[in-house]
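# Understanding the architecture of this molecule
Chain residues, written in single-letter form:
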Amino acid sequence: MSLVFAINGQRFELDLSSVDPSTTLLEFLRYQTPFKSVKLSCGEGGCGACVVLVSKYDPVLQTVEDFTVASCLTLLCSINHRSITTSEGLGNSRDGFHTIHNRFSGFHASQCGFCTPGMSVSLFSALLDSKSSSEFTVLEAEKAVSGNLCRCTGYRPIVDACKSFAADVDIEDLGFNSFCKKTSLPPFDSSDVCSFPEFLKDEVNKSIDSGLHRWCSPGSVEELQRLLGACNSDGLSVKLVAGNTSTGYYKDERERSYGKYVDLTRIAEMREIRESRNGVEIGAAVTISKVIAALKEIRVEKMFGKLAAHMEKIAARFIRNFGSIGGNLVMAQRKQFPSDMATILLAAGASVKIMSLLSREVQKVTLEDFLQEPPLGVYDLVFTIEIPFQSSSELFFETYRAAPRPNGSALAYLNAAFLAQMKEDRTVVNCRLAFGAYGTKHAIRCKEVEEFLSGKVITDSVLSEAITLLGKFVVPQEGTSDLAYRSSLAPGFLFNFFHSLTEKPSSNGYHHHLDQPKQLSSSQHVPINDEYFPVGEPVAKSGASLQASGEAVYVDDIPAPANCLYGAFIYSTKPSAKVKGIRFKENSAPDGVVSVISCKDVPKGGQNIGMKFSFGTEPLFAEDFALHVGQCIALVVADTQRHADTAANLAVVEYETEDLEPPILSVEDAVKKSSLFEIYPFLYPQKVGDTSKGMSEAHHRILSSEIRLGSQYFFYMETQTALAVPDEDNSIVVYSSCQTPQYVHSTVASCLGIPENKVRIITRRVGGGFGGKAVKAMPVATACAVAANKLQRPVRTYVNRKTDMIMTGGRHPMKITYSVGFKSTGKITALELEILIDAGATLGLSMILPSNIIGALKKYNWGALSFDIKLCKTNLLSKAIMRAPGDVQGTYIAEAVIENVASSLSLEADTVRKINLHTYESLALFYKAGAGEPHEYTLSSMWDKLGVSSRFEERVSIVREFNESNIWRKRGISRVPIIYPVSMFSTPGRVSVLSDGTIVVEVGGIELGQGLWTKVKQMAGYALGLLQCDGTEELVEKIRVVQSDTLSMVQGNFTGGSTTSEGSCAAVRLCCETLVKRLKPLMDKSGGGGPISWNKLISQAYAQSVNLSASDLYTPEETPTQYLNYGVAVSEVEVDLVTGQTTVLQTDILYDSGKSLNPAVDLGQIEGAFVQGLGFFMLEEYITDSEGLVLTDSTWTYKIPTVDTIPRQFNVEILNSGRHEKRVLSSKASGEPPLLLAASVHCATREAVKEARKQIRMWKGVDDDSGLMFQLPVPATMPVVKELCGLDIVESYLEWKSRVNSRL
Ligand SMILES: Cc1cc2nc3c(=O)[nH]c(=O)nc-3n(C[C@H](O)[C@H](O)[C@H](O)COP(=O)(O)OP(=O)(O)OC[C@H]3O[C@@H](n4cnc5c(N)ncnc54)[C@H](O)[C@@H]3O)c2cc1C
Ligand code: FES
Ligand code: FES
């Protein structure tokens, strides 16, 4: 029997006996077909990079059904007779890109491009869903990609690209793009793509032979029973499979092998939805998407609409499309999965039919009983789920969930659903109250509270008693994270339900507890500067359509060379321990393992070096001692990536810790033990003024205030990866996804002990770096090189997400203690700081942190500034330099000081900010030569300008009014300035003209998504265009920027620090000037009859042997190599006091880009960096255990921003601050500085929390101001915010009300 399916119209037939049933569709696509647009990023259903379209043909109705799935979780066997369309199947460079690809490009919605193919397919599917294009609305457009993650763009341009297809949108309402009118946009036409080829339709009718192979698809219950009976007698292990999405959560399941995989989706009763007089019976294998659609159809029953709306928040659409309702309930019942489905169906009174496949008995039990029973047996089947109709008009139903992402794609901290029958006089006749996901074995009904409420009239005191009772039952299990927060949500939801019913029952009897969130909207003011045309034009990113179609080649897309092997890291799980040896569990080598590479395999003459940089070297493999958790101990090499990953999981490292000093696991301990890294004096920032004097001039002082800041993980969509290929004469080629090819090069050479001319590092593009692929990419490439060298076979490693999170680390955590002196006006006179930075066990690039922190912190005039900064050497993972390293912490520290001063003086923080803004004179004092000329200091005028354009003062009053009239929501607004110093460094370039007039450009800088190639192309177009040949305007079209190759372009330096694009452009300009000089005489000679065409000029140059290849190294002028970047942001937020959820209502940014080289690219950098900063300040919890092992190591636990968490109104204005001869065509950096502006969201949240605290203090009768001097930790997640607003807010409100009432 064969598996027959189509991919992008191409027929595939596989002999079922040769297929491992645990193979995923993604593995098949990426390793066995040429279709590489399907990207692997998380492998757990949490990111959408691997989304494909599945099309299914119904031979009876002769219709095709199309839906998206996460190919990383979908089993290959389950797509039998289906057709798969990937992004390159929608369109491509050979047959023409699809209009979706062109829109992503035209809307500047693709940066590194790693997420874009998945986004494209998600959008395509959403457009297909809206049966005709006129039904695709702006609202649907926003949801089209709601489960897809993007770490680069900040989502706004992606949403605009989606909205551009909406029937109800005017192109004027959309963000900055390359299209002039909506009519100029090619429309979406579903017939452009044939999702289901004719040849497959014939296959669908062929019978399916079940039972013979490890994968079987029984077509009836009888067949299933026979099959399982046989398995039981043969003692075969069995796995029932519906959508297989549960393996996204239970990852160990992927490594288990079963005797039989039994597909449940062909059994008619299990995939049907039947409506009867009493309710709806849903087959357990029905997908959640289909359940939602059916429930929405049954309009008579309002409860069903609520259930459907809640289900739309379960996972992402591409999971709901394949994940079944039964699968969800089994996960909840058998494995305590924190399910939403179980909770809401429990309140709805659902029941479940269970079939014993051995005894063939069918039993109907309530969902409540089902959940309480012992875990479902292997041979027990959830057959159907029945949801009864609730016909009484007095019934009220509502569901709730508190989760880090409001629209789904995040598990709930707690979910709840309530059903109540109420009389008009507010008497509860009866009710059903279900709670789940809060750290309980399974969803529960809180019967004690149900009984208590039954028959009672709802009053504040009854609610108060009910809430007290509830507190005894909704108690998370020991060890649950955010335990108190989760418990506190239950009273909030219960109160919300009954209070809203009794206060203002709406005409339909249902109270909408949440307003519809405002639709996303935005504005962009972008200056176009044509002085250096085409530099300054908002040209679309080079290769964006190629990225969207998925044809852009990343390291893991390079076809595997013959004999290729795959590596996976074995890392230390102990800090400070002797490594005695490595073995595998059960003491036998797992499948496919070829070798375990460790320090012993570093060749003679080589050194065990995994990183070589200006500050020194670091070991590749731990030798006999592991310094920290996450340290690389070995690379296990196997025949496939899956085998390598499985083997690494099965590896057991034997340690010995006896007689060892305890590890240093905190900065305090490091200081106590004098475990510090030396900071080179020239990297240590300089103090300003005399702080003792400043302190003595102060009217007030705050002494020894403490701040702690944690880490942030890069979450580039493409994890660390490299491919090493041994070459002739003991040389090696390494394809590395890195920001530092030059340094990877010398690291590999030193490690292998070979001369540098025998090493070649090639990097074409990187799927996001953010600093994480600077130092931390080196050991990945080097380990592959060592393995390839030893085994003399190509070795590739694509680090899985969990290992990447554990081994790469992130931002530097730090502890800050400060004392500040200030006048009564808020003018600060002195700031003294002690900063302890956790650099981890090895130095890396941590040495740059002190000056970065202080560089950003000096944005205010502190009067005098002094500091003591220590780089602590701990037994924790070595930290990496993440986008705006140190700068973001510096800016935050400055704001924390300002807020503290403002609170202690009861002044508005904005007033204190303004009074401490620099004048040019104080700027020059703090930044010395870096301050530049007086006219370059734009910050103070930007502060005022943004104040006016964002209507700051007016909105402050509106926020005040809002807060006075709202009890359960509070708003805050905040304006924050930033100063960000950057330095230029040397960068090489080469420009070569080929005989047909096309041009090839090489630069040292790497394209990471930041638009470097695009700017470089524009610069080459400008600089060669100065020749003024005929047709030079089209020169840009002739230019191709090619991959970085360390043997071709030496001294490539590194890509980072925001200025590599400028530096690369400067190098290219120098090369072009040389070419122009060489071509000019020829041109003057031949141009007698008017301007000569470019192609003709080049032909003549070739004929006359003019050297048409020029290379150069740009080196910045000595003083100053540094300049300052300025920006201001105003953010307004709303905090829901019941859940602690913060919604960013509006952000306005004004950013000085100088004369932008490409304003579209800079806009993308500004928005993308801001949203990454938003993640740092508000969402991304980086939690480790006491020994430093990262616990938030997956998309389940680490939450980067999504479409639904960015500012609802997002306005960006780019300021053109004019000419500056020392900068590259007067441009300024945009890659990192705008990240700091996200501090405005944090500060606004603090304002809102302050209002909440004022209110609760009033309720509690506390009248001193001490509670208003508080710090809002970073990130200000929902639990953090709620805790500061008062976990007992509902209880306090009820008590206060009862006191007030008793006084009346
Ligand atoms: C990224 C992601 C996010 C998610 N977020 C949420 C969320 O926020 N809230 C929420 O409630 N859920 C969430 N889920 C869970 C999701 O709803 C389930 O993964 C899905 O419904 C499982 O269905 P399935 O068909 O894929 O099950 P499968 O993976 O096929 O099966 C799950 C388990 O049940 C067994 N099984 C399947 N069907 C039956 C049956 N009929 N009888 C007996 N045993 C059976 C299987 O053997 C397996 O052990 C999320 C899932 C993912 C991947
Ligand atoms: S890789 Fe499949 S969802 Fe992330
Ligand atoms: S463009 Fe979306 S992740 Fe890079």
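The structure presented is a predicted model; accordingly, all values stated were derived computationally and were not measured.

How each quantity is defined
Numbering of residues starts from 1 in every chain and runs along the sequence as written. Numbering of ligands from 1 and lettering of chains from A proceed in the order in which they are written. Owing to the predicted nature of the model, reporting of local features is limited to residues with pLDDT of at least 70; listing and counting of side-chain atom pairs is limited to 80 or more, with chain, interface and lining totals taken over all residues. Excluding hydrogens and water, the side-chain figures rest on all heavy atoms present in the structure. Any residue with an atom within 4 Å of a point lines the site, the site being either a cavity, points on a 1 Å grid over the protein atoms alone where a 1.4 Å probe fits but cannot get out, or a pocket, an open set with protein on both sides within 12 Å along at least 5 of 7 lines. Grid points are joined across faces, edges and corners, and a volume is the space filled by probe spheres set on the points. Helix and strand assignments come from DSSP, with helices taken as H or I runs of at least 4 residues and strands as E runs of at least 2, each series counted from the N terminus. In this classification, Asp, Glu, Lys and Arg are treated as charged, Ala, Val, Leu, Ile, Met, Phe, Trp, Tyr, Cys and Pro as nonpolar, and every other residue, Gly included, as polar. We define proximity as follows: a residue is near a molecule or strand when any one of its heavy atoms falls within 4 Å of that partner. Any N or O atom pair separated by 3.5 Å or less is treated as a polar contact, with the protein-specific requirement of one donor-capable and one acceptor-capable atom, and with residues adjacent in sequence counted only for side-chain atom pairs. Residue burial considers only the protein chains on display, and all accessible areas are found by Shrake-Rupley using a 1.4 Å probe. UniProt positions are given in the numbering used here, feature names are shortened, and annotations may be inferred rather than shown by experiment. Remark: exposure states derive from per-residue accessible area (1.4 Å probe, protein chains only) relative to the maximum for the residue type, with buried under 20%, exposed over 50%, and partly exposed in between. The contact definition used throughout considers only heavy atoms, calling two residues in contact when any of these lie within 4.5 Å. Orientation is described by axes fitted as lines to C-alpha atoms, over the contacting stretch for helices, and by angles from 0 to 180 degrees between their N-to-C directions. Here a crossing is taken to be left-handed if its near helix is turned anticlockwise relative to the far helix by less than a right angle, and right-handed if that turn runs clockwise. Between any two strands, pairing holds if DSSP finds at least two bridges. What a helix should span is 1.5 Å times the count of its residues minus one. The salt bridge criterion pairs a side-chain nitrogen of Lys or Arg with a carboxyl oxygen of Asp or Glu, the two atoms within 4 Å. To sort the angles, those under 35 degrees are grouped as roughly parallel, those over 145 as roughly antiparallel, those from 65 to 115 as roughly perpendicular, and the leftovers as oblique.

Here the focus is empty space enclosed by the protein. Scanning all chains against the criterion turns up twelve cavities of 30 Å³ or more. Lining the largest cavity are 24 residues; nearest its centre among them are Gly630, Cys632, Lys776, Pro779 and Met807. Counting only elements with at least two residues in the lining of the largest cavity, the list comes to strand S22 (609-613), strand S23 (616-619), helix H24 (778-791) and helix H25 (801-808). Broken down by element, the lining of the largest cavity gets its largest block of residues, four residues, from H25. Looking at the lining of the largest cavity residue by residue, the classes come out as twelve nonpolar, nine polar and three charged.

Not every one of the 37 residues close to ligand 1 is listed here, only the nearest: Leu240, Thr245, Ser246, Ser324 and Asp340. The contact in question runs from an oxygen atom of ligand 1 to an N or O atom on the side chain of Thr245, over 2.6 Å. Take Val382: an N or O atom from its main chain is 2.9 Å from a nitrogen atom of ligand 1. Within the complex, 95% of the 980 Å² of free accessible area of ligand 1 lies under protein. For the shell around ligand 1, the elements supplying multiple residues, two or more each, are strand S7 (238-241), helix H13 (325-335), helix H14 (340-347) and strand S13 (380-388). Per-element accounting of the shell around ligand 1 gives the leading share, five residues, to H13.

Before going further, it helps to spend a moment on the UniProt feature "binding site: FAD" (unreviewed entry) in the chain. If you check UniProt for "binding site: FAD" (unreviewed entry), the listed places come out as Ser324, Ile325, Gly326, Gly327, Asn328, Asp340 and Arg401 in our numbering. If you trace the backbone, Gly327 turns up in helix H13. A relative accessible area of 29% means that Gly327 is categorised as partly exposed. Within the secondary structure, Asn328 is located in helix H13. Those residues within four positions of Asn328 in sequence are excluded, and the remaining contacts are Ile288, Ile314, Ser339, Met341 and Ala342.

Time to look at the packing of helix H17 (residues 460-473) against helix H38 (residues 1289-1303). The geometry of H17 relative to H38 is characterised by a closest axis approach of 10 Å and an angle of 150° between their N-to-C directions. For the crossing formed where H17 meets H38, the hand is left-handed. Along the contact surface, H17 presents Asp460, Leu463, Ser464 and Ile467, while H38 presents Val1290, Glu1291, Leu1294, Lys1297 and Asn1301. Here the contact of H17 with H38 is built from residues that sort into four nonpolar, two polar and three charged.

Let us look at the sheet that holds strand S2 (residues 10-15). The pairing of strands in a sheet comes from backbone hydrogen bonds and takes either a parallel or an antiparallel form. In space, the five strands of this open sheet follow the order S2-S1-S5-S3-S4, with mixed pairing throughout. Each having just a single partner strand, S2 and strand S4 (63-70) make up the two edges of the open sheet. Each strand of the sheet is rotated relative to its neighbour by a mean of 30°, with strand direction disregarded. Its contacts with the sheet put helix H4 (residues 116-129) on strand S3 (51-58), S4 and strand S5 (83-85), and the angle it makes with S3 is roughly 35°.

Our next topic: helix H23 (residues 741-752). Here H23 is twelve residues long and its end C-alpha atoms lie 16 Å apart, about the 16 Å a rise of 1.5 Å per residue gives. Within H23, eleven of the twelve residues are buried, which leaves it mostly tucked inside the rest of the structure. Buried within H23 are the following residues: Pro741, Tyr743, Val744, His745, Ser746, Thr747, Val748, Ala749, Ser750, Cys751 and Leu752. Of the surrounding secondary structure, the elements contacted by the buried residues of H23 are S22, strand S30 (731-736), strand S31 (759-763), H24 and strand S40 (1044-1045). One or two steps after H23, the chain reaches Gly753, where phi turns positive at roughly 70°.

Okay, the sheet that holds strand S6 (residues 215-216) next. Within the open sheet, the three strands sit side by side as S6-S8-S7. Their pairing is parallel. With one partner strand each, in any of the chains shown, S6 and S7 form the two edges of the open sheet. In the sheet, S7 pairs with strand S8 (residues 260-263) via four bridges, with the strands oriented parallel. By the bridge assignment, Val238 is partnered in S8 with Lys260. Lying on the sheet, helix H8 (residues 221-234) is in contact with S6, S7 and S8; it crosses S8 at an angle near 165°.

Applying the stated criterion across every chain yields a total of 67 salt bridges. Among the ionic pairs, Lys251 bridges to Glu44, the shortest N-O distance being 3.0 Å. You can see Lys251 sitting in the loop between S7 and helix H9 (252-255) and its partner Glu44 sitting in the loop between helix H1 (25-32) and S3, a full 207 residues away along the chain. Using a relative accessible area of 30% as the deciding quantity, one classes Lys251 as partly exposed. Glu1007 serves as the salt-bridge partner of Lys541, at 3.3 Å between the closest nitrogen and oxygen. Placement of Lys541 in the loop between strand S18 (521-525) and helix H19 (544-549) and of Glu1007 in the loop between strand S38 (999-1003) and helix H32 (1012-1025) is noted, with a sequence separation of 466 residues between them. Per residue, the accessibility class of Lys541 equals that of Glu1007, and both read buried. Bridged by salt links that share partners, the residues Arg30, Lys39, Asp556, Asp557 and Arg796 form one connected network.

As a packed pair, H17 and helix H18 (residues 483-503) sit with axes 10 Å apart at the nearest point and diverge in direction by 150°. In terms of orientation, H17 and H18 fall into the roughly antiparallel class. Our pair here, H17 against H18, has a crossing hand that is right-handed. Residues Asp460, Leu463, Ala466, Ile467 and Leu470 of H17 pack against Ala490, Pro491, Leu494, Phe495, Phe498 and His499 of H18.

What follows covers unusual backbone geometry. Here Phe533 and Pro534 are connected by a cis peptide whose omega angle stands at 0°. A cis amide bond links Val1274 to the next residue, Pro1275, at an omega of -5°. On the secondary structure map, Pro1275 appears in the loop between helix H36 (1239-1260) and helix H37 (1278-1285). The backbone of Phe715 sits at a positive phi, close to 50°, despite the residue not being glycine.

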